[in-house]
Amino acid sequence: MKVAIPISGCDPTIISGFQDDFLKEIQSRYRINVSMRDNYIYLKGAEKSVKAAQKMLNDRLKNAAGGQDQIPDTGGGKQGIGHGNTISTPKRLIKAKSSGQSVYMEAIDDHDIVVSIGPAGTGKTYLAVAKAVSFLIDKKVERLVLTRPAVEAGESLGFLPGAIEEKVDPYLRPLYDALNDFLPYDRIRRYLDMKTIEVAPLAYMRGRTLNDSFIILDEAQNTTGMQMKMFLTRMGWRSKVVVTGDITQVDLPPNVFSGLIEIQHLLKKIDGIEFIYLSEKDVVRHHLVQKIIKAYDTKNTT
């Protein structure tokens, strides 16, 4: 027996679950084939099993349509974090995995400028890009602008081989990697061609005003004070800005003060700007990463 169940009008990522967990659960429980394409979910197998799976799926659709979607826990996350702390994108559903991430995600919704400071692996950039994609898909903004300072670890672009695109690509690659997690490749290419998504070095932001945009500055600890001022003043009407960085990993020359460190003192009391501090407790990479960060923190305080 084979049935096709329409899912138009519902977010397919909510129906399928994180990384298709819900569809995999149906397939495993009833031992049937389950697939999703063109706004339909297809069930194929023994008649009794298909009908039982169809009822389970219809219940899911009914709850989702009523705003009561139940998102399965994918492990690793803390209990009590509700759907308000999830991000829906075309390729996957992202759920806060720590209380710090939960606060960070809510801050992006509630403030025009959010500055996220914390060690590697805490989801600073990943969650910001996920939020940006969800804002674009929901038509809350018209474009995404993702940027990084293109001079790191003491290297100057002028001394690197190749054309300018080849020189800056290694610095911007992590931003493309994040986009690939949330959007199909062909859609990313189309958005890039249409300038709906722009990934560019920080220097390319000078002289611009960015309206109706979701703007992310990544690796902000490697901006100078003047670069940070230049970036923040690019913000236009109906735009949202997220600044991310790790103040323990500054690659600027010793005599140059980090713009990210500076704005903690300059902008801390401005209403509408929210500072979020993540720690090793928010690291969602391999469990050893938490221990490594803690070891270095202990070293720096002794």
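Just above sits the structure.
Keep in mind the model is a prediction, meaning the values are calculated, not measured.

Caption draft 1: Region of interest: the sheet that holds strand β9 (residues 213–217). One open sheet holds the 6 strands; their spatial order is β8-β7-β9-β10-β6-β11, and the pairing between them is parallel. Of all the strands in the sheet, just β8 (197–201) and β11 (273–277) have a single pairing partner and so form its edges. Strand-to-strand twist in this sheet, taken as the mean axis angle between neighbours without regard to direction, amounts to 15°. Note: strand β7 (residues 143–148) against β9, 5 bridges, orientation parallel. Within the sheet, the bridge partner assigned to Leu146 lies in β9 and is Ile216.

Caption draft 2: Representation of the pattern of salt bridges in the model. For the structure shown, the criterion picks out 8 salt bridges. Note that Lys51 is salt-bridged to Glu47, the shortest N-O span being 3.0 Å. Of this pair, Lys51 and Glu47 both sit in helix α3 (residues 47–65), separated by 4 residues, roughly a single helical turn. Of the charged contacts in the structure, one is a salt bridge between Arg208 and Glu198, with a shortest N-O distance of 2.8 Å. Residue Arg208 is found in the loop between β8 and β9, and its partner Glu198 is found in strand β8; the two are separated by 10 residues along the sequence. Counted as one network, the salt bridges with shared partners bring together Arg148, Asp218 and Glu219.

Caption draft 3: Looking closely at the sheet that holds strand β1 (residues 2–6). Taking strand neighbours across the sheet as the criterion, the 3 strands line up as β1-β3-β2 in an open arrangement whose pairing is antiparallel. Two strands bound the open sheet, and with one partner strand each, they are β1 and β2 (33–37). Strand-to-strand twist across the sheet, computed as the mean angle between neighbouring axes with direction ignored, equals 20°. On the sheet, helix α2 (residues 21–30) packs against β2 and β3 (40–44) and is oriented at approximately 155° with respect to β2.

Caption draft 4: Seen up close, a nonpolar patch on the surface. Nonpolar side chains collect at one region of the surface, where Leu288, Ile292 and Tyr296 lie side by side and expose about 320 Å² of accessible area between them. Summarising the element assignment, Leu288 is placed in helix α10 (residues 287–300). Residue Leu288 is classed as partly exposed on the basis of its relative accessible area, which comes to 42%.

Conventions and cut-offs
- Residues numbered from 1 in each chain as written.
- Predicted model: local features only at pLDDT ≥ 70, side-chain atom pairs only at ≥ 80, totals over all residues.
- Heavy atoms only, no water.
- Pairing = 2+ DSSP bridges.
- Helix = DSSP H or I, 4+ residues; strand = E, 2+ residues; numbered from the N terminus.
- Axes fitted to C-alpha atoms, helices over the stretch in contact; angles between N-to-C directions.
- Salt bridge = Lys/Arg side-chain N within 4 Å of Asp/Glu carboxyl O.
- Contact = heavy atoms within 4.5 Å.
- Patch = residues over 30% accessible without salt bridge, like charges linked within 9 Å, V, L, I, M, F, W, Y side chains within 5 Å.
- Areas by Shrake-Rupley, 256 points an atom, 1.4 Å probe, with all protein chains shown as cover.
- Buried < 20%, exposed > 50% of the residue type's maximum accessible area, 1.4 Å probe, protein only.

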